[in-house]
Structure formats: C-alpha cells, structure tokens
Amino acid sequence: WNKADRSLGRFATWPRDPVTTAALWWERSVRLGRETGRPLGPALYHEVRYEDLVGDPAEVSRALCTFLGIAYDEAMLQYHEGRQRDAGGRSAKSAWLPPTPGLRDWRKQMAAADVERFEAAAGDLLDELGYPRATPRPSRESREVAAEVRRAFTEALRSRGRRLPERWLHRGPVAHAARG
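None of these values were measured; they are calculated from a predicted model. (Residues numbered from 1 in each chain as written. Predicted model: local features only at pLDDT ≥ 70, side-chain atom pairs only at ≥ 80, totals over all residues. Heavy atoms only, no water.)

1. Observations regarding the overall build of the protein
- From N to C terminus, the protein includes eight helices and zero strands.
- Listed by position from the N terminus, the elements making up the protein come as α-α-α-α-α-α-α-α.
- Buried residues in the protein amount to 36% of all 180 residues.
- Within the protein, contacts between residues at least 6 apart in sequence are counted, and of these 52% link residues at least 24 apart.
- Roughly 10900 Å² of accessible area belongs to the protein as shown, and the carbon and sulfur atoms make up 53% of that amount. (Helix = DSSP H or I, 4+ residues; strand = E, 2+ residues; numbered from the N terminus. Buried < 20%, exposed > 50% of the residue type's maximum accessible area, 1.4 Å probe, protein only. Contact = heavy atoms within 4.5 Å. Areas by Shrake-Rupley, 256 points an atom, 1.4 Å probe, with all protein chains shown as cover.)

In structure tokens, the structure reads:
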C-alpha cells in the first residue's frame, strides 16, 4: 500500500476503494498473462502457483528448471541462508525467510469486510483458479460497489488505450461484478 502511488494509486478508483481496485488490477494482470501465455503452448508458457511453490519448492523449482532448459541446483532453495533476520515486525521478504506454507495468507491478514470486497470484485477468477472463497455469496452492497468500481476502472483503462481481458469484453464490467 505504501507504494500505491506508483501503480494502483494512479487509478481514480483508488481513493474510493483501494481493496476493490487492487482486486481488479490483480484479476486483469492474471487474466492478461494467461490469455497471452496459453496460445504459446507448453513449450513457451509455464504457470507456477505460489501455493505450490511454497508447498514443495524443490519439485516446483525442478519443473521450472526443466521448462527453462537449465540445470536444477539445490542452492536455488538456499537463497535465504546467511541473510535471515529474526527481528520482529519484518515482512517475510525483508526477513529473508525460506519458502514457508501459510506464511502469507491474505484472507487471514485482511479484514473480513476487505476480503468480501475483494471476492465480490475478483471472485470469478478465484473460482476458476480453484481458490475457495471466504464469502461464497458477497452481500448485495459489496457486489454493487464492485460493479461501480469495475465500471470506472475499466473506463480508465479504455481511456488510456490499455488492453482489457477477453472475459471483460464479452461479459461486460457490470454483469461480471454483479454475479459475485
């Protein structure tokens, strides 16, 4: 959040609802990445899920190295050794912790109302990716706010000549967010 002015904070929707703006930015980024990568085929496109990486870093790293055509080395998983900082209050990144399942869990780290707003905006993608929702049916108010913010967010992207995900073009921003 403290660097939002460099990216997400530039959207007019940020001051009104930073959580929904972040959800829409995340959804757009993931959808565009997948839309661009999938047609390339498995020889040129490889997805890695964060949960898989921290759950079994050696296996996921081996698979990634195979995809990249480079040799796997156990040292790849030892990046944190000698750099760990155990002082309290540090983020996992600044503490140089090893891959640790459950270390970052946005549903536990965000307020319940924020999780609901995020899921109201980007719930369809969460479903597609197989992530369970904390709020399977967001409130009508959350869905309406998500639809409003999505409309403004989409219009801002269009006005800047930025690409929209195919799904957003076919379903429209209002119908997409209102489904919740």
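2. Here we look at the packing of aromatic side chains
- Summed over the entire model, instances satisfying the criterion amount to three aromatic pairs.
- Ring centres 5.7 Å apart and planes at 45° place the aromatic pair tryptophan 26 and phenylalanine 118 in the tilted group. Taken together, the positions of tryptophan 26 in helix 1 (residues 18–37) and phenylalanine 118 in helix 5 (residues 112–128) put the pair 92 residues apart, joining distant regions of the chain.
- Judged by its relative accessible area of 11%, phenylalanine 118 is buried.
- Ring pairs connect the aromatic residues Phe11, Phe153 and Trp168, which therefore count as one cluster.
- The lysine or arginine in question, arginine 49, covers the ring of tyrosine 131, its NZ or CZ lying 4.4 Å from the ring centre.
- A cation over a ring is seen here: arginine 160 above phenylalanine 11, with NZ or CZ 4.7 Å from the ring centre. (Phe/Tyr/Trp six-rings, centres within 6.5 Å; stacked < 30°, edge-to-face > 60°. Lys NZ or Arg CZ within 6 Å of the ring centre and 35° of its normal.)

3. Overview of the side chain of glutamate 116
- Tracing the backbone shows glutamate 116 in helix 5.
- For the buried glutamate 116, no salt bridge is present, and the opposite-charge side chain at shortest range is arginine 143, 7.0 Å distant.
- Among all residues touching glutamate 116, those that are not within four sequence positions of it are Thr135, Pro138, Ser139 and Ser142. (Lys, Arg positive; Asp, Glu negative; His and termini not counted. Salt bridge = Lys/Arg side-chain N within 4 Å of Asp/Glu carboxyl O.)

4. Section: the confidence of the model for the protein
- For the protein, mean pLDDT is 87; residues scoring 70 or higher make up 87% of the total.
- Low pLDDT, under 50, characterises residues 173–180; the predicted model gives this stretch 30 contacts beyond four residues in sequence or across chains. (pLDDT = per-residue confidence, 0-100.)

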